[in-house]
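# Structural overview for review
So you can see what is in the structure, the chains are spelled out below.
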Amino acid sequence: MTHLERIKIFDTTLRDGEQSPGCSMNLSEKIRLARRLQALGVDVIEAGFPIASEGDFAAVKAVAAECRGVSVAALCRTTEQDILRAWEAVGAAARPRLHTFVATSDIHLEHKLKRTRAEVLKMTRDAVRLARTFTEDVEFSAEDATRSDLNYLCEVFAAAVEEGARTLNVPDTVGYTTPTEFREIIAAVRERVVGERDVTISVHCHNDLGLAVANSLAALDAGARQVECTINGIGERAGNAALEEVVMALHVRADRLPYACGVRTEALYPTSQLLTEIIGFGVQPNKAVVGRNAFAHEAGIHQHGVLSNPLCYEIMTPESVGVPSNNIVLGKHSGRHALARRFDELGFTLTPSELEEAYHQFTELADRKKNIYDQDLLSLLPARQRHEHAPALGAAALKLDLVEAVGR
Ligand code: KIV
Ligand code: ZN
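These notes cover the structure that comes with them. Keep in mind that this is a model prediction, so the values were computed, not measured.

Reading guide: rules and limits
Residues numbered from 1 in each chain as written. Chains lettered and ligands numbered in written order. Predicted model: local features only at pLDDT ≥ 70, side-chain atom pairs only at ≥ 80, totals over all residues. Heavy atoms only, no water. Phe/Tyr/Trp six-rings, centres within 6.5 Å; stacked < 30°, edge-to-face > 60°. Helix = DSSP H or I, 4+ residues; strand = E, 2+ residues; numbered from the N terminus. Buried < 20%, exposed > 50% of the residue type's maximum accessible area, 1.4 Å probe, protein only. Lys NZ or Arg CZ within 6 Å of the ring centre and 35° of its normal. 1 Å grid on protein atoms, 1.4 Å probe; cavity = no way out; pocket = protein on both sides within 12 Å on 5 of 7 lines; lining within 4 Å. Points joined across faces, edges and corners; volume = space filled by probe spheres on them. Nonpolar A, V, L, I, M, F, W, Y, C, P; charged D, E, K, R; others polar. Near = heavy atom within 4 Å. Polar contact = N/O pair within 3.5 Å; in protein donor to acceptor, adjacent residues only side chain to side chain. Areas by Shrake-Rupley, 256 points an atom, 1.4 Å probe, with all protein chains shown as cover.

## Some words on the packing of aromatic side chains
The full count for this structure, using the stated rule, is four aromatic pairs. Each ring, one from Phe 49 and one from Phe 101, has its centre 6.1 Å from the other, and the planes form 65°; the classification is edge-to-face. Remark: Phe 101 occurs in strand E5 (residues 95-103) and Phe 49 occurs in the loop between strand E3 (44-48) and helix H3 (54-66); sequence separation between them is 52 residues. Both residues of the pair, Phe 49 and Phe 101, count as buried. Positioned above the aromatic ring of Phe 57, the side-chain terminus of Arg 85 is 3.6 Å from the ring centre.

Spelled out as structure tokens, the structure:
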């Protein structure tokens, strides 16, 4: 069996995710989600950016008090004021982490920070040194790392390590990099800065080109051992790497990605649903792993295959990510097998000729109607079945209502 090396999952749903449009959460919602993230098995919860607002400060403090089985990180820039405020919020955590960051790309230095490279180098040193007076667990991020000059990036990282940073985070802040390029950047940081030292390389990828997960996985190949990600991929602009996608890629392709993490995969879908409920919007139907259609099969050939053996068209089971069961959607592309299976699930066994007749009516109905529900199927039953099972029809309709009510 392949040896699986342990990597850390750093969840930033409550920080990067929460700061994106429409995703704000109140204190009790943050605590609810943080508890769930802890139960999910993430290694680090980034609970907020304490200097940013009173709300963020309170949330970090509350999560630190609540989640004793996980590291809790607080974000801060490289200023003394930021670091002191972050520590005030997170210091009481069972495992507190200070996460300090500064931009290293020339475009950010010139237009945003208005600082020279030498000044940013000094800011890095001062910040990490100060943070280390509070805790051993200091993470340093070079914002916009992927658009930074590689020599300068390595110089800044080397300074952070010298001052005691234990984690070096390489953010693709604007979602600009590609898997091959990112692999090279991570390999360079590993060879030129980390070497044999006990320092974890972390990655934090944004999804502007839809590459956040691919880039994160490529980074693991080059030596990264922490992935920063969010539930449902929420985050600034196009979002962050989706936690559920990273985790399931590791599970499904352990042959190619020999890394283990502590996440309980069966809790992925319920956690995604909780976030959806809290922020009031969900993922697109075809979203990998947690989308409504992620395990839905409509084409007749696919349905027949899945019903014979799910492995025909499913690389992971719905149950493995906490989705109750596979979701055969009946529509105009469905075949007789799926129809018979659904009737069977509803308690009706049709003879071949009854099935043929029902199927004929079904295709006519499916041409007219976008979604076919269980109650539609009941009207296709032969009279014999309808009379024999009169009481069961009520139950089937009720089952339909329940399915509708829970959205699956
Ligand atoms: O995207 C980014 O660069 C960040 C840092 C603060 C880690 O979110
Ligand atoms: Zn970010």
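Moving on from the coordinates now.
## A closer look at the layout of surface pockets
Within this model, the second largest pocket holds a volume of roughly 390 Å³. Taken together, 26 residues line the second largest pocket, and the ones lying closest to its centre are Asn 207, Asn 232, Gly 233, Ile 234 and Ala 238. Looking at side-chain class alone, the lining of the second largest pocket contains 13 nonpolar, ten polar and three charged residues.

## Things to note about the site of ligand 1
Contacts to ligand 1 come from Arg 15, Asp 16, His 99, Phe 101, Ser 141, Glu 143, Asn 169, Pro 171, Thr 173, His 204 and His 206. The contact in question runs from an oxygen atom of ligand 1 to an N or O atom on the side chain of Asp 16, over 3.0 Å. Here an oxygen atom of ligand 1 and a side-chain polar atom of Thr 173 are 2.6 Å apart. Against a free-state accessible area of 260 Å², the protein chains account for coverage of 94% of ligand 1. Elements represented by at least two residues in the shell around ligand 1 include exactly helix H1 (13-17), E5, strand E6 (138-143) and strand E7 (167-172).

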